[in-house]
Amino acid sequence: MLKTGAEHLESLRDGRAVFVGGERVKDVTTHPAFRNGAQSIADIYDMKAASENRDLLTYEENGKRYSGYFLQARSKEDLAFRYGVHRAIADKTYGMFGRSPDHVSSFVTGMSLAPNVFGKYADNLTGYYEHMRNNDVYAVYAVIPPQAGRNPEPYKNLNIPVPTLRVVREDDDGVVISGQKMLATGAVYANEIWIGNITPLAPDQAEQSITCAIPCNAPGLEMWSRKPMGREAKSDFESPLGNRYDESDSMLLCNEVKVPWEKVFVHNDSALARQIYVETAGHTYGNHQSNVRFHSKLELIVGLASKVAKASGADQIPAVRETLGKLAAWEAMLQGAILGQIQGAEQWPSQSHWCFNRRVVYAALNWCTENHSIIIDQLRELCGGSVFQMPADISVMADPVLRASFEKYWTTPQNAAVDRMKLYKLAWDLTGSEFAGRHQQYEKFYAGASFVVRNYNFMHTDWSAMEGVAERLLSSYGVPSEYSNAEAA
């Protein structure tokens, strides 16, 4: 089935426990902190369900129609189709929603190409994939232990519980989990949460190895939100990104949450807990989406940089044109890397399925996480002091005297006063606002710490082939003949 936006919003009115400070949010679809973000997700569902997008964003199989990101690719054409789906969703939110409905869905779809990796839980994984696509489920994940709990020794020495989520009991009908997990980005707008472990676990951490799925309104589950951006935003004009595209981040707190056995995918296996991501196409499918999402965001940044330069007339300065040219080159390079993931696709993890080129996916991922701050700093330099020259807010237009002064003195040959203010408000929301600050941090760490991302590149490089190139050259020459037979002095 394909959900509409209204149906998705209704699905969020399920009694979930969301806390903003000391306040429990009764309805995320109407609360000032979350209603606009929830509507942005609903708009994605409406876009997918629209008849004109039927063949662009959805596919049919066995007489049923599903969201395009659930397609198991059996050709390069299928991968290109998936790319188009991700691109449409990313463009819809200008790349601001990292954990949009196509992200974790892509992880699960990629995993479903090799369910045997899950051992005795293979049928559970296949069943969950079918459950997700049949019900158009929006899932997010929490796959990192809380920072404070990564070293259990201080807790043991003080005889207090380690906060990391773990299985605390097994029953006939499932397992019971308790503890914290981070960081459930988008969870307040989702239907379900995939709990897992993307980082390695030690052999003695088997009780933490649980990988499972729980509904967002599961009894005992609490979502503790960071400070929401939408709560303080006055309007789209004042906060054009933060007001609509704050995807939220939550710490999960599980207080004896029951997970039925059919929703358990890894249990008591610290090695398998991470292997399911890299030994299936899950991690690659999901991070292709991340690359596409970043590219949509980069297009906004580059386009805005050009408009900011033109607004001050600085676009005529050679050094500024050089900066714009550099940004444009980076955008084109990322686009090429994304398309290369399809062109260089692999028949993996089986001969009947296709996967995006893993090396190129991880190379692009590394580039994105390492360069976002540099890219934003380029935009910041182009803005200069212009973002501070505007009145505090657009309310100056309500006073005839102030409006006259504003339109007289803030208008330039390039832009009317209101248009300049609108432009610089957007620039500030990308470079200096609290929303911008969150994105600076998110883009550095959404795929893990930098050494983790580089390790993915190391893992997926054919080092014997690389060394073979050097060896081929080394073997093509030797010690000059006049020296090779010379006796040692």
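Details of the structure are given in the entry above.
For clarity, every value in this text was computed on a predicted model and none was experimentally measured.

## Structural notes on the overall build of the chain
Scanning the chain from terminus to terminus reveals 17 helices and 12 strands. Expected size for 489 residues packed as a compact globule is a radius of gyration near 23 Å; at 25 Å, the chain falls within 12% of this value. Here the C-alpha coordinates of the chain stretch approximately 85 × 80 × 60 Å along the principal axes. Looking at the 489 residues of the chain, the share that counts as buried comes to 54%. Looking at the chain as shown, the accessible area adds up to about 21,500 Å², and 54% of this sits on carbon and sulfur atoms. Computing the positive centroid from 49 side-chain charges and the negative centroid from 57, the chain places the two 4 Å apart.

## Points about a nonpolar patch on the surface
Residues F458, M459, W463 and M466 make up a contiguous nonpolar surface patch of about 410 Å² in total accessible area. Broken down by secondary-structure element, the contributors of at least two residues to the nonpolar patch are α15 (450-459) and α16 (463-474). Looking at where F458 falls in the secondary structure, it is placed in helix α15.

## What about the sheet that holds strand β12 (residues 264-266)?
Spatially, the 4 strands line up as an open sheet ordered β5-β8-β9-β12, and their pairing is mixed. If you trace the sheet from one side to the other, it starts and ends with β5 (139-142) and β12, each paired once. Pairwise comparison of adjacent strand axes, ignoring direction, gives a mean angle of 25° for this sheet. In this fold helix α5 (residues 102-111) packs onto β5 and β8 (192-195), with an angle of close to 85° to the strand it touches most, β5.

About the thresholds
Residues numbered from 1 in each chain as written. Predicted model: local features only at pLDDT ≥ 70, side-chain atom pairs only at ≥ 80, totals over all residues. Heavy atoms only, no water. Helix = DSSP H or I, 4+ residues; strand = E, 2+ residues; numbered from the N terminus. Rg over C-alpha atoms; globule rule 2.2 N^0.38 Å. Buried < 20%, exposed > 50% of the residue type's maximum accessible area, 1.4 Å probe, protein only. Areas by Shrake-Rupley, 256 points an atom, 1.4 Å probe, with all protein chains shown as cover. Lys, Arg positive; Asp, Glu negative; His and termini not counted. Charge placed at Lys NZ, Arg CZ, Asp CG, Glu CD. Patch = residues over 30% accessible without salt bridge, like charges linked within 9 Å, V, L, I, M, F, W, Y side chains within 5 Å. Salt bridge = Lys/Arg side-chain N within 4 Å of Asp/Glu carboxyl O. Pairing = 2+ DSSP bridges. Axes fitted to C-alpha atoms, helices over the stretch in contact; angles between N-to-C directions. Contact = heavy atoms within 4.5 Å.

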